[in-house]
Amino acid sequence: PVPIGDVLAPQVGMRGALVGKTVSVTGTFEDGQLLVEGRAHAGRTGYLVLAPLRVSDDGAGGATWADLSGPPVLPVVRGWVASPGDAVAPAPGTVTVTGYLQTSESVGTGMVGEGVTDSISSGHLANVWGGPVYSGYLVQSASDPVDPGAESLALLDRPRLEGSDGGLN
């Protein structure tokens with residue numbers, strides 16, 4: 001993985017070529033975890049577990065957000081669960097997350113229930129979590145320390161662009 005600050009800055013449009021790029025970032029998960037409804041995994045429909053990571057180290061020494069109002073929030077899909085009760089909170093304290101970049105989705109209805117949304121839209125999430133916020137999100141593949149939800153969360157496969165050879169790094 002490369003540091004996220006090498007390829008993407010907060011509040012800057014994400015190029016499609018970055019989809020599936022493996023990056024790492026360090027920060028602290030904040031309160032406000034959401035469930036994204038209606039998401040399929042392994043032939044079942046359930047929820048993505050989406051958490052706000054307040055970035056403390058993007059590999060660029062904070063230069064990517066120097067002109068913003070403070071450290072940015074990176075939306076992180078920690079994994080998939082079959083039911084809301086399976087979604088545990090992220091660990092407190094500093095964590096380094098590795099995963100795959102994905103582009104922000106179009107806003108759907110937004111919040112459809114307490115702690116439940118129907119899309120991963122950076123614009124919508126900036127209103128919910130505050131900003132600045134990244135224009136894409138991270139699909140977690142690993143964390144250090146290990147995510148406390150590792151037992152109940154199913155990690156998602158790396159996103160693939162149609163027609164790609166799967167050789168994204």
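Basis of the calculations
- Residues numbered from 1 in each chain as written.
- Predicted model: local features only at pLDDT ≥ 70, side-chain atom pairs only at ≥ 80, totals over all residues.
- Heavy atoms only, no water.
- Helix = DSSP H or I, 4+ residues; strand = E, 2+ residues; numbered from the N terminus.
- Polar contact = N/O pair within 3.5 Å; in protein donor to acceptor, adjacent residues only side chain to side chain.
- Buried < 20%, exposed > 50% of the residue type's maximum accessible area, 1.4 Å probe, protein only.
- Arc of directions from axis to C-beta.
- Contact = heavy atoms within 4.5 Å.
- Pairing = 2+ DSSP bridges.
- Salt bridge = Lys/Arg side-chain N within 4 Å of Asp/Glu carboxyl O.
- Core = buried A, V, L, I, M, F, W, Y, C linked by side-chain atoms within 4.5 Å.
- pLDDT = per-residue confidence, 0-100.

This part covers the environment of Pro3. Inspection of the secondary structure assignment puts Pro3 in strand S1 (residues 2-3). For the pair Pro3 and Val23, spaced 20 residues apart in the sequence, the C-alpha separation amounts to 5.4 Å.

A few words on the environment of Arg158. Checked against the element boundaries, Arg158 lands in the segment after strand S9 (136-144). A polar contact of 2.5 Å, which involves the side chain of Arg158, links it to the side chain of Thr22.

Moving on to helix H1 (residues 122-129). Along H1, the residues classified as buried are Ser122, His124, Leu125 and Trp129. The arc enclosing the buried residues of H1, seen along the axis, measures out at 155°, which places them on a common side. Its buried side turned inward, H1 meets strand S3 (34-41), strand S4 (44-57), strand S5 (73-81), strand S7 (111-113), strand S8 (116-117) and S9. One or two steps after H1, the chain reaches Gly130, where phi turns positive at roughly 90°.

Let's shift gears to the pairing of strand S6 (residues 94-103). Counting buried residues in S6 gives seven out of 10 residues, a clear majority hidden from the surface. Pairing of strand S2 (residues 22-29) with S6, which is carried by seven bridges, proceeds in the antiparallel orientation. Residue pairing across strands places Thr26 opposite Thr96, the latter belonging to S6. Alignment of S6 against S9, held across eight bridges, turns out to be antiparallel. Paired with Gly99 across the bridge in S9 is Gln140.

Taken as a whole and judged by the stated rule, the model has three salt bridges. Here Glu105 ties to Arg39 by a salt bridge, and the two come within 2.8 Å at their closest N and O atoms. Highlighted residues: Glu105 in the loop between S6 and S7 and Arg39 in strand S3, separated in sequence by 66 residues. Across the pair Arg78 and Asp147 runs a salt bridge whose closest N-O atoms are separated by 2.5 Å. Residue Arg78 is located in strand S5, and its partner Asp147 is located in the segment after S9; the two are separated by 69 residues in the primary sequence. The exposure class assigned to Asp147 is buried, which follows from its relative accessible area of 9%.

Core analysis: the biggest nonpolar cluster contains 19 residues, and Ile4, Val25, Leu74, Val97, Leu101 and Leu138 have the highest contact counts within it. Mapped onto this core, the elements with two or more residues apiece are S2, S4, S5 and S6. Those residues in contact with Leu138 that lie beyond four places of it in its chain are Val23, Val25, Leu74, Pro75, Val76, Val77, Val97, Thr98, Gly99, Tyr100 and Leu101. Leu48, Val77, Val133 and Tyr137 belong to the second-largest nonpolar core, a separate cluster that totals 14 residues.

With nine of nine residues buried, S5 is to be regarded as a mostly interior element. Taken together, the eight bridges between S4 and S5 define a ladder with antiparallel strand orientation. By the bridge assignment for S5, Leu50 is matched with Val77. Direction of pairing for S5 relative to S9: parallel, over a ladder of two bridges. Each residue of the ladder has a partner; that of Val76, found in S9, is Leu138.

Model confidence for the protein is summarised by a mean pLDDT of 90, while 93% of its residues fall at 70 or above. Considering only residues more than four positions removed or in separate chains, one finds that residues 164-169, a stretch of pLDDT under 50, has 10 contacts.

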